[in-house]
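The residues making up each chain are set out below.
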Amino acid sequence: MTSSELLHNKTLTHYATFGSSHNRPATGNPTINATDDLVPAPRQDPEPAPFGEGTDITSSPHTRDTEGGQAHGLKAGEEEKEAIVGAEGYYKGWYRWAVVAAVSVLSITNAMQWIAFSPVQDLAMDYWDVSAMAISSLSTIFMVVYIPLWPVSAWALDIKGLRFGLILSAVLNFVGATLKLPGCIESLPGSNRFWFVLIGQAISGISQTFFMGSPPKVAANWFQVQERTLATAIISLVNPFGIALGTYLSPAIVNSGDDFLTLLGVHSAVMAVALVLIIVVIRDKPPKPPSPTVTKSSVMSGREYLTNIKRLFLDPQFDITILSCTLTLGAFWGSLSILSSLLTPLGYTDSQMGNLCSMATVMGVLGGALLAVLVDRLRAYKVLTVINLLGLDVGYVALYFAAIPDNLFWQILCWGWIGFFGSSVIPAFLELGVESTYPIPEGISANVQLASAQISGIAIIYIGTFYGGTENGPLTVSCMLTSSVTLALVLMLICRPHYRRLEIERGGKENLVQNEK
């Protein structure tokens, strides 16, 4: 059998998961066009050995060497050469960008709700007659609900499908926003009205669990190899745009307690638009697969789903990645949430803090775009993640020295730096997790990392809120954030990730991705 026939037969196996209505002919070879975008072809090797079943989980059939030094599954001679298929052999239609746009809108609108009360914390405390910790809970509730519910969201994305999971997310997003409106009924005492707001925020937080883990799933289902990290980065990095928009919108609308009804009404209307867009645009997958490694999660049973979760935690390298991701993202998300607590005592206004958040967002998008391009070209996930962690560490050290009244330029420089390295590391962690745990579905690995990050984020928000306004607050918060990211950096340096999915797509040819040191 020729190499092109091997490629065709292997591709048909993956293609069958896309439904019988799109089956391709079982004969004939794929068109080869060297001028098109190239997708490395898989070999006729078995799938990587499942984690934790009596084998070395840091190796796979595609990378273990024989005594003769030849890669497992390759013939000794030159008979079996690596085959490549042109971009027309896999899906690359424009509709993939419509899917990215729709998910991005959902992410932006949800982030607006998450940050809505932080920029107007003092007014919210007076209007609902609650403490600063209660207002902080409107942010932390997003993280609290993520922790127990991530298995449900991963199940929805990987078993029920991308469309089911995202429509459910959009519905919850709208319901949560609308439920907060009774919190502005003046006839009720402020503390009682606050419960409507808190419950609405909790429902919006549940919505977040269903789309936060979706970027790697969207990228795997709709994009070719050379575009996956870019797609993941776009969806991941638009969330800070929602944070920046919410930071601007809240102070612009709310000048007194009576204005909260207007703010929450705007939120409800915007969430309704996002819901309609998701229903109209989102589809589970394209008519043909974008790559040969699309996971066959749609045919998983509940038992297999639970087994896959167990296998994740049996991989020590993925466990290290989870811990590093937990410390990094928890520090970054937490620092954005406590920005007001840090800078209000220094005399900075809500408008100035909105500018700082916007600067962090813009720089984060620039950093994420640069990282996505580098990752898609170099596939050096670990190296680029380490560079980002170094940069973020420097930013949090500078945070202490930036704690100076009436020095907006230094604050802009500091938070812009933190945004550049903090936002861009998110897609790197998500794609690293998917690569090192393939063929486990993308939604599971992504949700495990993000759920773990919520834990440290909650701790940082509460500690930062408590100490932020004290005399030694800037030093305490800076040390806390720096220590968290430094430990994450050390863990990533000792981690030796194994790029299983990439090895299949490259046919095991490039040893650069093996056990990167």
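Residues numbered from 1 in each chain as written. Predicted model: local features only at pLDDT ≥ 70, side-chain atom pairs only at ≥ 80, totals over all residues. Heavy atoms only, no water.

**Quick look at the environment of Trp155**
Here Trp155 lies in helix 4 (residues 132-160). Residue classification places Trp155 among the partly exposed positions, given a relative accessible area of 35%. Taking the C-alpha atoms as reference, Trp155 lies 8.6 Å from Gly165; in sequence the two are 10 residues apart. Filtering out sequence-adjacent residues up to four positions away, Trp155 remains in contact with Lys160, Phe164 and Tyr305. (Helix = DSSP H or I, 4+ residues; strand = E, 2+ residues; numbered from the N terminus. Buried < 20%, exposed > 50% of the residue type's maximum accessible area, 1.4 Å probe, protein only. Contact = heavy atoms within 4.5 Å.)

**A few points about helix 17 (residues 442-467)**
With 26 residues, helix 17 should cover 38 Å at 1.5 Å per step; its first-to-last C-alpha distance of 38 Å lies within 8% of that length. Among the 26 residues that make up helix 17, 20 are buried, leaving the element largely enclosed by the rest of the structure. (Expected span 1.5 Å × (residues − 1).)

**With respect to helix 4**
The end-to-end C-alpha separation of helix 4 is 40 Å, in line with the 42 Å expected for 29 residues at 1.5 Å each. Taking the largest bend as the criterion, helix 4 deviates by roughly 65°, centred on Leu149, and proline Pro151 comes between one and four positions later. A positive backbone phi angle near 115° is found at Gly161, which sits one or two residues after helix 4. (Bend = angle between axes of the 7 residues up to and from the residue.)

**Overview of the nonpolar core**
By size, the foremost hydrophobic cluster in this structure holds 100 residues, and its most contacted members are Val218, Trp333, Leu343, Tyr396 and Trp415. If we skip the residues at most four places from it in the chain, Tyr396 touches Ala331, Phe332, Ser335, Ile418, Ser478, Leu481, Thr482 and Val485. With 19 residues, the next largest nonpolar core counts Tyr127, Trp128, Ile135 and Leu138 among its residues. (Core = buried A, V, L, I, M, F, W, Y, C linked by side-chain atoms within 4.5 Å.)

**Overview of the packing of helix 2 (residues 95-115) against helix 10 (residues 260-281)**
Where helix 2 meets helix 10, the axes come as close as 9 Å, and the angle between the chain directions of the two elements is 155°. By the criterion of interaxial angle, the relationship of helix 2 to helix 10 is roughly antiparallel. The chirality of how helix 2 crosses helix 10 is left-handed. Facing Tyr95, Ala98, Val99, Ala102, Val103, Val105, Leu106, Thr109, Met112 and Gln113 of helix 2, the residues of helix 10 in contact are His267, Val270, Met271, Ala274, Leu277, Ile278, Val280 and Val281. In terms of residue class, the contact of helix 2 with helix 10 is built from 15 nonpolar, three polar and no charged. (Axes fitted to C-alpha atoms, helices over the stretch in contact; angles between N-to-C directions. Parallel < 35°, antiparallel > 145°, perpendicular 65-115°, else oblique. Left-handed = near helix turned anticlockwise from the far one by under 90°. Nonpolar A, V, L, I, M, F, W, Y, C, P; charged D, E, K, R; others polar.)

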